[in-house]
Every structure is written in structure tokens, then in C-alpha cells.
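Architecture at a glance
Below, each chain spelled out in residue letters.
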Amino acid sequence: MSTFVSDFKTRATEKAGDLRHRSVIRTALRSYEIVRDKRKAAFQSWESARQAAAETKWEAINHLDKHLVALTSKLEARGTKVHWASTGAQAREIIAQILRDKKARSIIKSKAMTSEEIHLNHALEKEGFTVVESDLGEFIVQLRHEPPYHIVFPSMHLTRGEIKDLFQKELGDAPSDSPEELTMVARRVMRQKYLTADVGFTGGNFAIAETGMISITENEGNARLTAALPKTMVTLMGIEKVLPCFSDLALFLPMLATAGAGQPMTCYNTMYSGPRQPGECDGPEEWHVILLDNRRTELLADAEQRDSLHCIRCGACLNVCPIFRNVGGHTYGTTYSGPVGAVITPHLRGLQDWKHLSNASSLCGACTEACPVKIDLHHHLLQNRRNASAGEPAFFERLAYQIFGLVANEPVFWSLAKKLGWLTQPLQRAVKGSALDPAKAWTKTRDLPPQPRESFKDWWRNRK
Amino acid sequence: MSERENILGRIREALQVSAPLPGAHGETSAHTHTESPASHAREWLPSVGATGEEQFALFAKNAADLKADFQLLASRDELPAALKKIAAAEKWSRVASHEGELSNFACKALGLPVTLTDRGYDVQAMEKCDAGITECDALVAQTGGVAVTSRSAGGRALSVLPPHHVVVARREQLVADLPAAFALLQQKYAPDFPSMISFITGPSRTGDIERILVLGAHGPKQLTIFCV
């Protein structure tokens, strides 16, 4: 068993039995489904909107080369410097080089999962740069030196009391455990950082090929400030974020807000089309956009699962997933957790190392139903299982099924097996779940229904 | 070969095999459009009402849900008193704003010292202002939000740095829905767009601590929208 699997199992077992964790996650997600359903119901047709969103992303992804060329030529025409990175290491080096060229010391960051994906903060801090996360949830997990728990709600696993203690320890400032006052502490800390940061760093939610824009969605205003005050702005974005038309945003922005947080619109949806332009009074003098591949093209090459590149990272599939809700975000050990993480991580980091994530699913399909762009998530989990076992067949599993096939096809063996089963079941009950039980992984938490003395076949034959 | 060519090459190679059409799985049958699939968004997004009156009522309701303060004034003559009332209640001593027919009128009516952003400004000075007063490009009835740009609203920082953002808008700037707002921006600016276009939907907010709503995370704690 690889360490990835055993780590996952250890953490999952621990979290699934952690009642405190369960109650925190329940509190955090309790109202989500209610408000989301209310917002969905406000749509004249959420289902038609989903279909259109899926078709729009299909067009974008299946003509990705054309849209990326259009996007970058529009961006460059207005003075934006576009960089391309095949790997995380290349992206880190491009960003570090920009910071060295600018003689930058401090970087203010707004939330970007791509930067988690390439472990940017760690690399920049090692080079001596100061990196501050400005999104409140990201700021909290940065102070705790841990990765975000959830792609949209990074600190949802923490209580106000824990955040108060953290602020007291790290910032020496925590007047009470009221969310309002704790938020104001972060606001005060961050204000000065904004005014003095050399470089502002952002991610991107959508890139518009038609007009050459990058659209950023946020509630706090931290990305707005990040893109307004520092002299240099750096944006890192996956190549799959493209939408063909400016007007597509009229559909995608309310859908992202609805699916992600049950909001009609996120507070700030901002489209950037360049650095400060002639006649404008503020904004960065330079804007660098880094387009990241990092094995997305491998996912693109799998036509069957290509639609997982439609993902707009709303987090809806995480919120509704019974596995995510039980084992929690950190258990996955991946940048992208939940159902979508289980689908794409094997492509981004290697199928054999991450195939176990596809088994961490009840295949209930709640994720597929929740997805605003109709990614066929639970079938992709099955396809990952199929691909993984085709690549590396499990010897004992195959042997077990071969024996079962033999027994089930031969009436003599079958009736013998039935008799043996009835005779040995007291023995099974005695060792159930213990080290002596060959099926303990299964029987530890499950009961086998008792096998009756008389089978249906016997009863049928003997009936009067 | 540059990384650009490497990546585009891998994309083109990957796309030689075509993917199943969206919605081909599950219960919905696949269909394709000749136009942009999102071009009918208006028919699916939340409904907005047919008349201007209904749309103003919807805007007011949505703004109230977002905890924004929306004041529909009978004429611009009512603006000075309404502004002064807020300024007195919050003890404003200095505001930031930009050149504009309506924003100039508002600042003059207030009679307070003004930091104008148009010809450059000191960020520290703006940070100390009590309010940022801006014009806008559109009010969106469907969402209760406003659209601003770096050209129409005094740059990038003015609408997010001061603790209170005051928008002064004209009645005719109300649009029914998001598709109308995007069409308006495209018509007004394309191809020379302002470097920033922002849809502001309510005051700055966060739910990062136990999913409890707190206003004024980094941007303004308060958003007031005057419509004359």
C-alpha cells in the first residue's frame, strides 16, 4: 500500500469518528443547501442555464487553442505581459524572476487555488520574499501553516474560539471571539500591508477570449485592492479558465455565486483587461499573466473525462458529498478535494498514486447533480477505477472473482457452498472484525445477514 | 520551442480526438446551438418584471437583502439634504471623489474637503477619507448591484478603499438584468475597454468565520446608492 493510500485511510478513519469535526462541518454547511436551493428556485430555469453553461464550457475547452491565442493577443495588445508555464516549477520561476526584477520584498495575495497547486508561497518564502494572504479564510490557514480546508471556504473547519486563540498568539490582538471583531482585526492588519506591498498577486475565475479580460470573483474586496494599489500585478491562472464571449459572464457569474455559496451574485465580480491605461489615475504599471498547464493538457487528451476541465471551482460538489462531509478536506491530501479533486488529481499527479480517491465515493451522484456545468463526476470516478485496475490489476481481487464465477456457475459447487456457509456462520460471528477474520476490512463496521437453513430453492422444491 | 508553442501543441494534439457533447450523459439530451449557447441567458436567469417601476422595486428589494442602502430620490434637488444627513450621522470630515457631472454636484452640496482621484492621488490620504463618492455605469435590477469602471468611477481604488462607498446614479442608468448590463458595457466601450470593470453587489462581506456574515471585510462596510 502506498503512503498516499495509508495516509488517506488513517486520516479518514480519524476524522470520520471525530464528533467535534462533524459538528463544525454540519454547522458550516447547514444553511448552504437551503439558501442555494432558494437561489436556484429564483432562476426561471436553472436546468436550461446549466445546459447552456455546459455547452459554453464545451465550446471553450474543445477549441482551447483558438481561444487562448485570441485571449493572449488581446491582453498583449493592451500592454499585459503574458507568460506560459508547462509545469509548476516553471510558473514558480517566472513569478520569482518578476519579483527579483522588481526588487520586490512584500507580496499581497488574493485567493488563488492555482498558487496552492504549485506551492507558491513556500517557494517564495524560501527566497526571502514576504507573502501575505489577504482573503480572511486564507489568512487564517496561513497563520496556522496549513493548506486550505475547502477550495471556497478555506477555514470552515475552525471555530471562532480557535480563530480567536490563533489571532491572540500570532497577532497579539483578539478582543473577543465575535466573528465581526475578528474580521476587523484582519482588516486592520491587512490595510497597512496593502499600502506598502510591492506586488499584488491574484488568481482568475474566468478569462474572456473575445475581449482579452480576466474576471475575478470575490466577496471581501481584497482582490480589488490587490489589483489596485501595488505597482506590479501578477495573475496565475489555469489554461482551462477560458470563456469565449464577454456576455457569457452574464450567465456564469450568477451561476458561480448560486452554486458556490447560495448567493445571487458574489459581491465583487471584476474584469481586468490590462495594466493602468493612458488617462487612468491608478492601477498597476505592469501586469503579468501566467497561464499554467501543469498536466491539464493530459486531462484534455482524455476525451472521456475532458469535461472535468469545465470545472469553475465553485465547490458545490464538495458541499454535497457525503464522503467530504465525513472525512473533511484535509484528508484528501490534495489541492482540489471532494469529488472533483478525486476525478482530476489522478490526472494531475498520477493515477496509481491517487486512484484510491475514486473509491472514496458512495457513487450517489449528488456531485453530478450539484455541478453547475454538468460535469459527469460520479461516472468519471468509475472510469478512474476502471483505468486504474486495467493499468495495475489487483491479483487477489481477480482471483476472488474467478473463484466466485466458478462456484456460481456450477450447481454442485453452489449447493456445497451454501451448506458450508450455513455451517460456518457461527464461526464467522465469533471472529467478525477481528484479526482472524479474512474479510475484516468489510465486516468491522458491517453485519452479514444470517443465512437461513433452508434456501429459496429448497423451499420451492419442498412446498406442498 | 517556446513554452507557448509547447502548450498549444499539446492542446492541438489532445483535441484531435473529439469529446462527447455536453449533457450526453444523464437525463438531458444533448443539443447544440449555432449561436453562443449563453445568448438566451435572459430566459433562464431570475425574472425582473416588465416595467421600469417593477424593476426599481426589484432593485430596492435586492439592495435591501444585500444590506445596501438604496435611496430613490424624486429629483437631484433632494440629494444635498440626503447626503448631508449621512455625513452628519457618520461625522464625515473628508471625502474622496472624481470629476463627473453628478459627483461634482454631490461633493459641492456636501461642502467638505475632497480628494479628487482624476489627476493622481495619495493613497494614504485616500485611506483616511470617510467616504468615496462615485458615479457608475449601470444599476442592475436583477441583482441589486452596480457596475463601475476605472473610467467612470474614479479609478480602481476609490470604490473599495474608503469605508463608505456612495454611488450617485441617474434613473436612466437602471438596466433590467445582467445580459443588458453586459450589452451596455460592450456598446459603450468596445473595443477600448477601461482596464477595470467591476460589478459591485452589496457592501464588502465575508463568511469565513463559521459562515457568519460580516460586512466590511476589506472593502467598504457600507454602500449607499442614490438614484436621482
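Residues numbered from 1 in each chain as written. Chains lettered and ligands numbered in written order. Predicted model: local features only at pLDDT ≥ 70, side-chain atom pairs only at ≥ 80, totals over all residues. Heavy atoms only, no water.

**Overview of the overall build of chain A**
Put simply, the test is: Each helix is a run of H or I in the DSSP string that is no shorter than four residues. Each strand is a run of E no shorter than two, and both are numbered from the N terminus. Type-normalised accessible area, obtained with a 1.4 Å probe on protein chains alone, sets the label of each residue: buried when under 20%, exposed when over 50%, and partly exposed for intermediate values. Throughout, a contact is declared for two residues whenever any of their heavy atoms are within 4.5 Å. Areas reported as accessible are Shrake-Rupley estimates using a 1.4 Å probe. Residue values count occlusion only from the protein chains shown. Charged residues are defined narrowly, with Lys and Arg counted positive, Asp and Glu counted negative, and His plus the chain ends left uncounted. Just so you know, the charge point we use is NZ for Lys, CZ for Arg, CG for Asp and CD for Glu.
Helix and strand counts for chain A stand at 25 helices and ten strands. Seen along its three principal axes, the alpha-carbon backbone of chain A occupies a region of about 95 × 55 × 45 Å. A total of 464 residues make up chain A; the buried ones form 56% of that total. Sequence-distant contacts in chain A: of pairs separated by 6 or more residues, those separated by 24 or more amount to 73%. On chain A, roughly 19700 Å² of surface is accessible, and the fraction owed to carbon and sulfur atoms is 57%. The distance from the centre of the 60 positive side-chain charges to the centre of the 52 negative ones in chain A is 6 Å.

**With respect to the nonpolar core**
Where a protein is soluble and globular, its nonpolar side chains tend to be buried together. Condition: As used here, the term nonpolar core means buried Ala, Val, Leu, Ile, Met, Phe, Trp, Tyr and Cys residues forming a set that is joined through side-chain atoms within 4.5 Å.
Membership of the largest hydrophobic core comes to 158 residues, with the highest contact counts inside it found for Leu-68, Phe-167 and Leu-251 of chain A together with Phe-199 of chain B. Residue contributions to this core peak at eight residues, all from helix α13 (residues 249–261) of chain A. Once residues within four sequence positions are removed from consideration, Leu-251 of chain A is found in contact with Ala-49, Ala-52 and Ala-53 of chain A together with Ala-38, Ala-41, Trp-44 and Leu-45 of chain B. By size, the runner-up hydrophobic cluster in this structure holds 21 residues, among which are Ile-94, Leu-120, Val-234 and Leu-292 of chain A.

**With respect to α13 of chain A**
Residues and elements named next belong to chain A. The test is simple: Expected span, for any helix, means 1.5 Å times one less than how many residues it has.
With 13 residues, α13 ought to run about 18 Å at 1.5 Å a step, and its terminal C-alpha atoms sit 17 Å apart, in line with that. Among the residues making up α13, those that are buried are Leu-249, Ala-250, Leu-251, Phe-252, Leu-253, Pro-254, Met-255, Leu-256, Ala-257, Thr-258, Ala-259 and Gly-260. Downstream of α13 by one or two residues, Gly-262 has phi in the positive range, about 65°.

**Quick look at the pattern of salt bridges**
We apply this condition: What counts as a salt bridge is simple: a side-chain nitrogen of Lys or Arg found within 4 Å of a carboxyl oxygen of Asp or Glu.
This model, assessed by the stated rule, comprises 35 salt bridges over all chains. Two residues, Arg-12 of chain B and Asp-65 of chain A, come together in a salt bridge whose shortest N-O distance is 3.0 Å. In this pair, Arg-12 of chain B sits in helix α1 (residues 3–14) while Asp-65 of chain A sits in helix α5 (residues 64–77), so the two residues belong to two different chains. The partly exposed category is assigned to Arg-12 of chain B, whose relative accessible area is 39%. Through salt bridges that share partners, Glu-117, Glu-240, Arg-296 and Arg-313 of chain A make up one connected network.

**Topic: the side chain of Ser-159 of chain B**
Where we set the bar: Pairing of N or O atoms within 3.5 Å defines a polar contact, subject to two protein rules: one partner must be a possible hydrogen donor and the other a possible acceptor, and residues neighboring in sequence count only if both atoms are side-chain atoms.
When you line up the elements, Ser-159 of chain B lands in the loop between β6 (145–149) and β7 (164–169). There is a polar contact of 2.6 Å between the side chain of Ser-159 of chain B and the side chain of Arg-224 of chain A.

**Examining the interface of chain B and chain A**
Operational definition: Two parts placed together each lose some accessible area under a 1.4 Å probe, and the buried area is that loss summed for both. By the convention adopted, Pro, Cys, Tyr, Trp, Phe, Met, Ile, Leu, Val and Ala count as nonpolar, Lys, Arg, Asp and Glu as charged, and the other residues, Gly among them, as polar. Strand pairing requires that DSSP identify at least two bridges connecting the strands.
The interface is formed by 85 residues belonging to chain B together with 103 residues belonging to chain A. Here chain B meets chain A over a buried area of about 7800 Å², counting both sides, of which 60% is carbon and sulfur. Inspection of the region where chain B meets chain A yields five salt bridges. Here Arg-10 of chain B ties to Asp-293 of chain A by a salt bridge, and the two come within 2.8 Å at their closest N and O atoms. Taken together, chain B and chain A are joined by 50 residue pairs in polar contact (both at pLDDT 80 or more). For the side of chain B that touches chain A, the leading source of residues is α1 of chain B, giving nine residues. Grouping the constituent residues of the side of chain B that touches chain A by class yields 41 nonpolar, 29 polar and 15 charged. With five bridges connecting them, strand β9 (residues 268–272) of chain A and strand β9 (residues 196–200) of chain B associate as antiparallel partners. By the bridge assignment for β9 of chain B, Thr-270 of chain A is matched with Ser-198 of chain B.

**Description of the sheet that holds strand β1 (residues 81–85) of chain A**
Within a sheet, adjacent strands bond to each other through the backbone by hydrogen bonds, running parallel or antiparallel. Residues and elements named next belong to chain A. Which entries qualify depends on this criterion: Between N-to-C directions, angles cover 0 to 180 degrees, with each direction set by a line fitted to C-alpha atoms, over the stretch in contact for helices.
Pairing in this open sheet of six strands is parallel, and the strands run β1-β10-β7-β4-β2-β3 from one edge to the other. Both edges of this open sheet fall to β1 and β3 (130–133), since each of them pairs with a single strand only. Recorded for the sheet is a direction-independent mean angle of 20° between the axes of neighbouring strands. As judged from the three bridges shared by strand β2 (residues 106–109) and strand β4 (residues 199–202), these two strands associate in the parallel manner. Paired with Lys-109 across the strands is Phe-201, a residue of β4.

**Considering helix α17 (residues 338–349) of chain A**
Residue and element names in this part refer to chain A. Between the first and last C-alpha of α17 there are 16 Å, a value that for twelve residues agrees with the 16 Å anticipated at 1.5 Å per step. Taking burial as the measure, the twelve residues of α17 include eleven buried ones, the bulk of the element. Looking at α17, one finds that the buried residues are Gly-338, Pro-339, Val-340, Gly-341, Ala-342, Val-343, Ile-344, Thr-345, Pro-346, His-347 and Leu-348. Positive phi shows up at Gly-350, right after α17, with a value of about 115°.

**Section: the confidence of the model for chain B**
Interpreting fine coordinate detail is not advised for predicted regions of low pLDDT. Residue and element names in this part refer to chain B. Selection criterion: Scored from 0 to 100, pLDDT reflects the predictor's confidence in each residue.
Averaged over chain B, the pLDDT score is 93; the fraction of residues at 70 or greater is 94%. Below a pLDDT of 50 lies the segment residues 26–31, which in the model reaches twelve contacts outside its immediate sequence neighbourhood of four places, other chains included. The ipTM, which scores confidence in the relative placement of chains, is 0.95 for this predicted complex, and the corresponding pTM is 0.93.

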